[in-house]
Structures are given as structure tokens and as C-alpha cells.
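Each chain is listed here by its residues.
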Amino acid sequence: MKDKQVVVMFRNWIGGSRDMYVTASKDGGNTFQPAVKMGNGTWKLNACPMDGGGISLNERGILTSVWRRENQLFTAKLGEPSKSLHKVAMLPLRPVTKTRLSHGKIRVKFG
């Protein structure tokens, strides 16, 4: 919150899409503006991904956000198209074998 400005980002679920939305209040959270979708893509997902994103306001009050969609990170300023930042490695859930090597390192083997 800056002065009485409150900004909230959340993952909505509209028509089966789990996209990030932002809403803001200028009166300390008593009332909020209509939510605005961040970025220009969508994530069709019939589940709750259990992750959100991050938001930041600069000294001029310009909002920038970052979030994950599937296996990619995205960033956007409010009202602008999103930009892809990085693909996120998604490791399969399989048994893990750890082996301690002689020089102090650990080898991890999946599956």
C-alpha cells in the first residue's frame, strides 16, 4: 500500500482459464476498481495451480507484475502485452536417489 492506494493481484477462473488479474483501491481498500487481466495470453486449466505472482509499484505508481503460466514466466505493466521471461524446468514426480560423492558433492538421480 502506498498512501491509501492498495493493489491486489489474483489468479481468476473465467471460462476455464486461470489468468492473473489486478484490482486497485485509492481509498485504503474500502472500494476497488474493476479487475483488469494481466498480459495477453491465457492458461486453460481445469485445476488450481496453487501459485500466484508478484507485483511492484514504482515511485510514479506504475504497476509491473510477474507470474507463471504453464512452464513459462511472464511480466507485464498494467494495460500492456505480456513478455515471456524464462521457461521453468518442471521435474517429474518420481523416486529420487541421492549419492554422496567423494569430493563433497551430491548426485541426484530421478526415476
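Heads up: the structure comes first, above all this text.
Worth saying up front: this structure is predicted, and the values here are computed from it rather than measured.

Engineer: What's the story with the nonpolar core in this structure? I'm lost.
Structural biologist: Counting 10 residues, the largest nonpolar core is built from Val 7, Met 9, Met 20, Val 22, Ala 24, Met 38, Leu 63, Trp 67, Phe 74 and Ala 76. At the level of secondary structure, the elements contributing two or more residues to this core comprise β1 (6–11), β2 (20–25), β5 (63–69) and β6 (72–77). Counting residues per element, this core draws most heavily on β2, at three residues. The contacts of Met 38, once residues within four sequence positions are left out, are Met 9, Met 20, Tyr 21, Val 22, Leu 63, Ser 65, Trp 67, Ala 76, Lys 77 and Leu 78.

Engineer: Help me out: how do you make sense of the sheet that holds strand β3 (residues 36–37) in this one?
Structural biologist: To summarise the sheet geometry, strands pair through backbone hydrogen bonds and adopt either a parallel or an antiparallel arrangement. Spatial strand order, β1-β2-β3: three strands in an open sheet with antiparallel pairing. Of all the strands in the sheet, the pair left with one neighbour each is β1 and β3. Taken together, the six bridges between β1 and β2 define a ladder with antiparallel strand orientation. Each bridged residue has a counterpart across the sheet, and for Met 9 the counterpart in β2 is Val 22.

Engineer: Help me understand the environment of Arg 11, please; the structure alone is not making it clear to me.
Structural biologist: Within the fold, Arg 11 resides in strand β1. Aside from chain neighbours lying at most four places away, what touches Arg 11 is Arg 18, Asp 19, Met 20, Trp 43, Pro 49, Asp 51, Gly 52 and Arg 68. A distance of 2.8 Å separates the side chain of Arg 11 from the backbone oxygen of Arg 18, its partner in a polar contact. Within the local environment of Arg 11, its side chain forms a polar contact with the backbone oxygen of Arg 68, the two atoms lying 3.0 Å apart.

Parameters at a glance
Residues numbered from 1 in each chain as written. Predicted model: local features only at pLDDT ≥ 70, side-chain atom pairs only at ≥ 80, totals over all residues. Heavy atoms only, no water. Core = buried A, V, L, I, M, F, W, Y, C linked by side-chain atoms within 4.5 Å. Buried < 20%, exposed > 50% of the residue type's maximum accessible area, 1.4 Å probe, protein only. Helix = DSSP H or I, 4+ residues; strand = E, 2+ residues; numbered from the N terminus. Contact = heavy atoms within 4.5 Å. Pairing = 2+ DSSP bridges. Polar contact = N/O pair within 3.5 Å; in protein donor to acceptor, adjacent residues only side chain to side chain.

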